[in-house]
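Given next are the chains, with one letter for each unit.
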Amino acid sequence: MYRSHTCGELRASHIGQKVTLAGWVQRSRELGGMTFLDLRDRYGITQVAFNEEWDANLLQEARKLGREWVVQIKGEVIERHSKNTAMPTGVVEIKSSHLTVLNAANTPPFTIEEESDGGEELRMKYRYLDLRRAPLQRNLALRNRLNIEVRKYLDKDGFMDIETPFLIKSTPEGARDFIVPSRMQEGKFYALPQSPQTFKQLLMVSGYDKYYQITRCFRDEDLRADRQPEFTQIDCEMAFVEQEDILNTFEGLLVHLLKEVKGVHIDSVPRITYSESMERFGNDKPDIRFGMELANLNSLTQNHGFNVFDQAETVLGIAVPGASSWSRKQIDKITDWIKRPDIGMKGMVYCKVNEDGTYKSSVDKFFTQEQQAKWAKASEATQGDLILILAGEERLTRKAASELRLYIAEKLGLRNPETFAPLWVVDFPLLEWDHESERFHAMHHPFTSPKLEDISLLEKNPVKVRANAYDLVLNGNEIGGGSIRIHDRALQSRMFDLLGFSKKEAERQFGFLMNAFEYGAPPHGGLAFGFDRLVAIIGGAEVIRDFIAFPKNNSGRDVMIDAPATIDEIQLHELKLKSTAKPNE
RNA sequence: GGUCCGGUAGUUCAGUUGGUUAGAAUACAAGCCUGUCACGCUUGGGGUCGCGAGUUCGAGUCUCGUCCGGAUCGCCA
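Residues numbered from 1 in each chain as written. Chains lettered and ligands numbered in written order. Predicted model: local features only at pLDDT ≥ 70, side-chain atom pairs only at ≥ 80, totals over all residues. Heavy atoms only, no water.

Chemist: I'd like a rundown of the layout of surface pockets, residues and numbers included.
Modeler: In this approach a probe as big as a water molecule rolls over the atoms, and the regions it shows empty are the leftover space. Quantified by volume, the second largest pocket comes out at close to 970 Å³. Lining the second largest pocket are 31 residues, and of these Phe178, Ile179, Ala563, Pro564 and Ala565 sit closest to its centre. If you tally residues by element for the lining of the second largest pocket, the top one is strand β7 (residues 179-181), at three residues. Residue composition of the lining of the second largest pocket, grouped by class: 18 nonpolar, five polar and eight charged. (1 Å grid on protein atoms, 1.4 Å probe; cavity = no way out; pocket = protein on both sides within 12 Å on 5 of 7 lines; lining within 4 Å. Points joined across faces, edges and corners; volume = space filled by probe spheres on them. Helix = DSSP H or I, 4+ residues; strand = E, 2+ residues; numbered from the N terminus. Nonpolar A, V, L, I, M, F, W, Y, C, P; charged D, E, K, R; others polar.)

Listed below in structure tokens is the structure:
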């Protein structure tokens, strides 16, 4: 062993011991006849002292060291003259007797500290250096902790971890697939799984009635702060269960994780329906850490001669607590924000509910005090609040109001990352109309079962059919989703019909699954958690990149290894591929 | 594919109305310094202003194009 202790463990109780430490040079402080060296590893930092009076040559050696050199130090643990209470190891230091340089290092392009001075791009390029930083190490440790706790919980409940293949077949529904050309079957292609969906259903048919896997999924779509082209799911499926069983099992998992890892106790996980969520929050993943719910003001605002309201499909109000004192300038800033092209509203009406009980709005000309009082009542605004009102086309307005609600909450500091407010959103619609392809799309996926009581609507009013589908939402982020599946060949065929698949096409794409259903498929269902997102949110962040050791950037590139990259002509030839891409540069 | 923001020293940034030799902090190097812990002090080196055109007597600054990065809409069953 190169070391007897780590850099994070020495305390007063070790004083007098001869120890050997190994680690990276964090920084050194030279004070003429003496030098202090901060030695770092992932467990902490320990100060090493060199002194002319102890060993002048050794001091000279120590002065040659640079940041991030890898060194081994032998010496005695001594009590410090001046202690540093800010450091866990701050009462002791190493009185050095031997110094071995294990490896010299170039000066790193950014500082390896709690807060680095490097920009994101640079840190990505030197990811192995960024990963030395304590915040990243904490994030990966949190990820590891959660991974283990997930396994503990599911294992205890009888779940079996079963691996499923990565080289599978491209399917038409859902996201774009990543494609892998086959060498042995020339002209044919594998696809990487968007999720192990069909395999876990087959495992149910095979009788593995409680399955889970923490596994990679791949989707070739544009990225966001909370989306990577390859990401990790906690993928689960159960047989002989109803929706209620699944909800109970997996809210139990979340409660377990928050308790074990964060020490946070969640009493209950509320459930609301999709339509209620859209009504109250304008959103299918509401952040319920705060109120400010959307109030429909249609009947209270229309037919009073104010054109904008009269012509609007929907008028929505949000009561901002304690904001009646906001200045015109502050409100204008919000109006500007709501008019940004990606929000897309044309304007915003405000109504101040003054402390003295009077009302002051930007539309006083059209509405009396009494009428404004009704708005306040409807949006649950009390004295000192400010009502923000948006009007326009239903879909756009509801979405904008939802964004506005989050924007204001952020401004007011109501989105505390240390508060955890999970909920289930249930009863999602089964289908949605896709204007582009002019056909129905499965909102969840094509294997989701419709609610029994809605099956009669399948033919005459498909958009009204609700599914046995549910999402688990945490602090305004979808962290998991699933459904009770169809386990009956006839119903599954009918679904494919509705989704516009020909019999032949359905047979070609999903014949294996439908065949399996004819050999004794149990009722089953499940869900999948977005593990990266879950880790990030529990870690108090929304950008998942820093919770993944080697993530891709916004455009799907790994800037460290420079992937994706072109391949040799020989490789292309072997795969019988020809690139039609225009050579760049 | 669209929109917005950004690209200047190793790094993070400033750079006025287009005008002299492009600055600061930090990092780095050298020297001084015996209780520092973001040590301090002195000195020094360090620039293809992303790239390419254009406007102009003159461009880091204005215009167009392009590349790269971030955010976001579409997209993500």
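So that's the structure; there's more coming.
Chemist: I'd like a rundown of empty space enclosed by the protein, residues and numbers included.
Modeler: This structure, assessed with the given rule, holds one cavity of 30 Å³ or more. Quantified by volume, the largest cavity comes out at close to 50 Å³. If you go around the largest cavity, the residues you meet are Met124, Arg127, Phe550, Pro551, Asn553, Arg557, Asp558, Val559 and Met560. Split by residue class, the lining of the largest cavity holds five nonpolar, one polar and three charged.

Chemist: Give a description of the side chain of Ser449 that names residues and reports values.
Modeler: By the element assignment, Ser449 lies in the loop between β19 (439-442) and α13 (457-460). Look past the residues within four positions of Ser449 in its chain and what remains in contact with it is Leu430, Ala467, Asn468, Ile484, Arg485 and Ile486. (Contact = heavy atoms within 4.5 Å.)

Chemist: Would you mind going over the packing of aromatic side chains in detail, with residue names and values included?
Modeler: Under the counting rule described, the total for this entry stands at 19 aromatic pairs. With a centroid separation of 5.1 Å and an interplanar angle of 45 degrees, the aromatic rings of Tyr274 and Phe428 are classed as tilted. Here Phe428 lies in the loop between β17 (422-426) and β18 (431-434) and Tyr274 lies in helix α7 (residues 274-281), a separation of 154 residues in the sequence. As far as the burial class goes, Tyr274 and Phe428 line up, both buried. Judged by centre distance (5.3 Å) and plane angle (80 degrees), the ring pair of Phe447 and Phe510 falls under edge-to-face. Of the two residues, Phe447 is situated in the loop between β19 and α13 and Phe510 in helix α15 (residues 503-517); the sequence distance between them amounts to 63 residues. On the accessibility criterion, Phe447 (5% relative accessible area) is buried. Using a relative accessible area of 3% as the deciding quantity, one classes Phe510 as buried. These aromatic residues form a ring-pair network of at least three members: Phe306, Phe309, Phe366, Phe367 and Trp375. (Phe/Tyr/Trp six-rings, centres within 6.5 Å; stacked < 30°, edge-to-face > 60°. Buried < 20%, exposed > 50% of the residue type's maximum accessible area, 1.4 Å probe, protein only.)

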